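Tertiary structure, described
What follows is each chain in one-letter form.
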Amino acid sequence: MLREIRPAIVLLLVLTAITGLAYPLAMTAIAGAIFPAQAQGSLIERDGKVVGSALIGQEFKDDKYFHGRPSATVAPNPNDSTKTVPAPYNAANSGGSNLGPTSKALADRLQEDVDKLRGENPNAAVPVDLVTTSASGLDPDISPEAAQFQVPRVVKARNVPEDQVKQLVASNTQGRLLGLIGEPRVNVLTLNLALDRATK
């Protein structure tokens, strides 16, 4: 019986070492060598200090900045651990709200957001990605239309020429991957950093 069990144990140990240790370490080393920035989290620095990641959204509330998509992520309530509180762009707890199309809470929030955005720019249709959350709640990008929609608010808050801000949006718009995959998008963090640099 030991003759039958021994090869099985040896095979288990060898395959565990290969697939559980050697292969992951090799892939991590190769990824770090070929794509060093991405392997480190696509971190964005300003003045030598990390200010965020190109892959995870951030909440910008000030009118002088472009705002990203709403985020439905939550965190435990510090006063009552059985409840949660909103924690926008909480990467430790990504996920959508799970509210369906018949949810009154969702309909009320959407209406409130639409009304607020219409007050900022009454002459334009509100882009859907400025009022809907992504599945992860961490989306760092908005559509070019959502960025253009916010231009009048940013121009007013910063007191800068509208053409300058529109040009920044255009220069920070990324096209489809390989010209085919996905939709054009604007990374909110990189756009806001470019805006800070251009309007100092």
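Residues numbered from 1 in each chain as written. Predicted model: local features only at pLDDT ≥ 70, side-chain atom pairs only at ≥ 80, totals over all residues. Heavy atoms only, no water.

**Considering the pairing of strand S2 (residues 49-53)**
Definition in use: If DSSP finds at least two bridges between two strands, the strands pair. Comment: elements are numbered from the N terminus, with helices defined as DSSP H or I runs of at least four residues and strands as E runs of at least two.
Relative to S2, strand S1 (residues 43-46) runs antiparallel, the two being bridged by four bridges. Note on S2: the bridge partner recorded for Ile44 is Gly52. Between the end of S1 and the start of S2, which pair antiparallel, lie two residues, with Asp47 showing a positive phi angle near 55 degrees.

**Re the sheet that holds strand S5 (residues 141-142)**
Pairing in this open sheet of three strands is antiparallel, and the strands run S5-S7-S6 from one edge to the other. Each of the sheet's edge strands pairs with one partner strand only, and the pair in question is S5 and strand S6 (173-174).

**Some details on helix H3 (residues 104-120)**
Stated precisely, the cut-off is as follows: How far a helix is expected to stretch is found by multiplying one less than its residue total by 1.5 Å. When accessible area is computed with a 1.4 Å probe and restricted to protein chains, residues below 20% of their type maximum are described as buried, those above 50% as exposed, and intermediate ones as partly exposed. What the arc describes is the spread of directions from the helix axis to the C-beta atoms. Definition of a polar contact: a pair of N or O atoms within 3.5 Å, with one able to donate and the other able to accept a hydrogen when the atoms are protein atoms, and with sequence-neighbouring residues admitted only if both atoms are side-chain atoms.
With 17 residues, H3 ought to run about 24 Å at 1.5 Å a step, and its terminal C-alpha atoms sit 25 Å apart, in line with that. Among the residues of H3, those classed as buried are Leu106, Val114 and Leu117. Buried residues in H3, looked at end-on, bunch into an arc of 70 degrees, giving them a common side. Exposed residues on H3 whose side chains face more than 90 degrees from its buried face are Lys104, Glu112, Lys116 and Gly119. Two or three places before Ala105, at the opening of H3, Ser103 has a side-chain oxygen 3.4 Å from that residue's backbone nitrogen.

**Some thoughts on the environment of Phe149**
Condition: Contact definition: two residues touch when any of their heavy atoms are within 4.5 Å.
By the element assignment, Phe149 lies in helix H4 (residues 144-158). As a C-alpha pair, Phe149 and Pro24 span 125 residues in sequence and 44 Å in three-dimensional space. Leaving out residues up to four positions away in the same chain, Phe149 has contacts with Leu117, Asn121, Ala124, Ala125, Val126, Pro127 and Leu130.

**Quick notes on the packing of aromatic side chains**
Put simply, the rule is: Note on aromatic pairs: the rings of Phe, Tyr and Trp (six-membered ring only in Trp) are paired at centre separations within 6.5 Å, and the planes decide the class, stacked below 30 degrees, edge-to-face beyond 60, tilted for the rest. Two limits define a charge over a ring: the Lys NZ or Arg CZ must be within 6 Å of the ring centre, and within 35 degrees of the ring normal.
Applying the stated criterion to the full structure yields one aromatic pair. Ring geometry for Phe60 and Tyr65: centres 5.6 Å apart, planes at 45 degrees, overall tilted. Sitting over the face of the ring of Tyr65, Arg158 holds its NZ or CZ atom 5.0 Å from the ring centroid.

**Topic: the nonpolar core**
Condition: Among the buried residues, those of types Ala, Val, Leu, Ile, Met, Phe, Trp, Tyr and Cys that are joined through side-chain atoms within 4.5 Å form a nonpolar core.
Phe66, Ala147, Val165 and Leu191 are the most contacted members of the largest nonpolar core, which has 26 residues in total. Among the secondary structure elements, those contributing two or more residues to this core are H3, H4, helix H5 (162-171) and helix H6 (188-198). Once residues within four sequence positions are removed from consideration, Val165 is found in contact with Phe66, Val151, Val154, Val155, Val160 and Leu195.

**A word on the pattern of salt bridges**
Counted only if it meets this: In what follows, salt bridge is the name for a side-chain nitrogen of Lys or Arg lying within 4 Å of a carboxyl oxygen of Asp or Glu.
The tally for this structure, following the rule as stated, stands at nine salt bridges. Between Arg185 and Asp141 there is a salt bridge whose closest N-O contact spans 3.9 Å. Linking Arg185 in strand S7 (residues 185-187) with Asp141 in strand S5, this pair joins segments that are 44 residues apart in sequence. Overall, the relative accessible area of 27% leaves Arg185 in the partly exposed class. Across the pair Arg176 and Glu183 runs a salt bridge, and its minimum N-O distance is 3.0 Å. Arg176 sits in the partly exposed class, given a relative accessible area of 39%. The exposure class assigned to Glu183 is exposed, which follows from its relative accessible area of 51%. Put simply, Arg46, Arg158 and Asp196 are held in one network by salt bridges that share partners.

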